Amino acid sequence: MNSTTEEAPALPDADRVPAHAEGKRLSRGRPNRNKPPVPTTQSFRSRLRRDKQMLLMMLPGIAFLLLFFYVPILGNVIAFQDYQPYLGIGDSLWVGWQNFVDLFGNPDFVHAFWNTLYLAAWQLVFLFPVPLVLALIVDSLVSARVRKVFQSIAYLPHFLSWVLVIAFFQQMLGGAGFVNNTLRQFGMEAVPFMTNPESFPVLVVAQMIWKDAGWAMIIFLAALASIDASLYEAAAADGAGRWRRMWHITLPGLRPVIVLLLILRIGDILSVGFEQFILQRDAVGAGAAEVLDTFTYYTGVIGGGWSSGAAAGLAKGVVSALLIFAANKLAHRFGEDGIFAKRAG
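All figures in this text were calculated on a predicted structure; none of them were measured in a lab. (Residues numbered from 1 in each chain as written. Predicted model: local features only at pLDDT ≥ 70, side-chain atom pairs only at ≥ 80, totals over all residues. Heavy atoms only, no water.)

Caption draft 1: Spotlight on the packing of aromatic side chains. All told, the structure shown has 19 aromatic pairs when counted by the stated rule. Considering the side-chain rings of F64 and F68, the 5.0 Å spacing of their centres and the 40° angle between planes classify their relative orientation as tilted. Of the two residues, F64 and F68 are both situated in helix α3 (residues 52-70); the distance of four residues between them amounts to about one turn of the helix. Using a relative accessible area of 44% as the deciding quantity, one classes F64 as partly exposed. (Phe/Tyr/Trp six-rings, centres within 6.5 Å; stacked < 30°, edge-to-face > 60°. Helix = DSSP H or I, 4+ residues; strand = E, 2+ residues; numbered from the N terminus. Buried < 20%, exposed > 50% of the residue type's maximum accessible area, 1.4 Å probe, protein only.)

Written out as structure tokens, the structure reads:
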């Protein structure tokens, strides 16, 4: 039986057009709207001309960093010399590692080192969580006016110098301050808040919380603003309360920022402060307020031991750098990027 239609002859494999080539042939003459644009590469000179204004704005900051942060690094060479100011770096006697040997054998340096770690532990445990708690409180405030007033009050002490902060605490907690005068009016004995070496760590942490906690809160507020609001709406629709939303949405969203700030704080753990401690050193004694910064100042500047002071500062910087790398490595173990992401492969 003959069919009314004839089948087209099958093309051999060599003449058969692939499917992706057939699509290209059919679309020839029409622009492919789904094809991503090919990035154009620019020369270094053209990019330099394009970003000229931004680079000019960066020059003062780069000059500041070079002049006050990188050029002084060259002065660490005196840590390996018996440096004499009148002879200069070029003519001072080279002693190698002897300054570090004498430094680690100095009981005053050992005391300052362990006292620094002790005070830094107090700051890390009691000061670090306060900005996070303040940010959660501010973020939960409904009224925008109350939120602005609260933030302004919390920010204000950061712009005061340590001289004014210590003077304020002296007026409030000193022997003739407001609190002790109130205690005397009620027939009670005065409490030496500002001169008691045993309670000095608590006083230091209280001063730092009052001065810097509000300013450190800004970073956590910025991180809270980046969390998707639809997550809270979906959790509330599923019946999650305030605390469960905070535990399962807010804190996981803040975890990268918390880890980053914690790494930076660990790296700066040996720098507990200079002005705050030197202003109160005479009141509580060197046994309670002597830290590495004050030891370096009194040994290198006041005592004339320039090489010993430089050795103490260099040792502190090396230990701080090692702590940063160790903390960043620990952050990678917990799946966080830390300061710099782990290299793939």
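Caption draft 2: Fine view of the pattern of salt bridges. For the coordinates displayed, the defined rule picks out four salt bridges. The partner of E290 in a salt bridge is R281, and the shortest N-O contact between them spans 3.1 Å. Assessed through its relative accessible area of 15%, R281 is described here as buried. With its nearest N and O atoms 2.5 Å apart, the salt bridge here joins D293 to K316. Linking D293 in helix α17 (residues 292-302) with K316 in helix α18 (residues 306-333), this pair joins segments that are 23 residues apart in sequence. The exposure class of K316 is buried, given its relative accessible area of 16%. (Salt bridge = Lys/Arg side-chain N within 4 Å of Asp/Glu carboxyl O.)

Caption draft 3: Fine view of helix α13 (residues 242-267). Its axis deflected by about 45° at R255, α13 carries its strongest bend there, up to four residues before the proline P256. Burial in α13 covers these residues: I249, T250, L254, I258, V259, L261, I263, R265 and G267. (Bend = angle between axes of the 7 residues up to and from the residue.)

Caption draft 4: Seen up close, the packing of helix α6 (residues 107-126) against helix α11 (residues 200-225). The geometry of α6 relative to α11 is characterised by a closest axis approach of 10 Å and an angle of 45° between their N-to-C directions. One finds that α6 runs oblique with respect to α11. The handedness of the crossing between α6 and α11 comes out as right-handed. Here Y118, L119, W122, Q123 and F126 of α6 come into contact with α11, specifically with P201, V202, V204, V205, M208 and I209. Looking at side-chain class alone, the contact of α6 with α11 contains ten nonpolar, one polar and no charged residues. (Axes fitted to C-alpha atoms, helices over the stretch in contact; angles between N-to-C directions. Parallel < 35°, antiparallel > 145°, perpendicular 65-115°, else oblique. Left-handed = near helix turned anticlockwise from the far one by under 90°. Contact = heavy atoms within 4.5 Å. Nonpolar A, V, L, I, M, F, W, Y, C, P; charged D, E, K, R; others polar.)

Caption draft 5: Region of interest: the environment of A167. The topology assignment puts A167 in helix α9 (residues 162-173). Its relative accessible area of 38% is what places A167 among the partly exposed residues. Taking the C-alpha atoms as reference points, A167 and L279, 112 residues apart in sequence, are found 9.8 Å from one another.

Caption draft 6: Here's a closer look at the layout of surface pockets. If you add up the space inside the largest pocket, you get close to 480 Å³. Every residue lining the largest pocket is counted, 17 residues in all, and those nearest its centre are L127, F128, D212, A216 and R265. Mapped onto the lining of the largest pocket, the elements with two or more residues apiece are α11 and α13. Here the lining of the largest pocket takes six residues from α11, the largest share from any one element. (1 Å grid on protein atoms, 1.4 Å probe; cavity = no way out; pocket = protein on both sides within 12 Å on 5 of 7 lines; lining within 4 Å. Points joined across faces, edges and corners; volume = space filled by probe spheres on them.)

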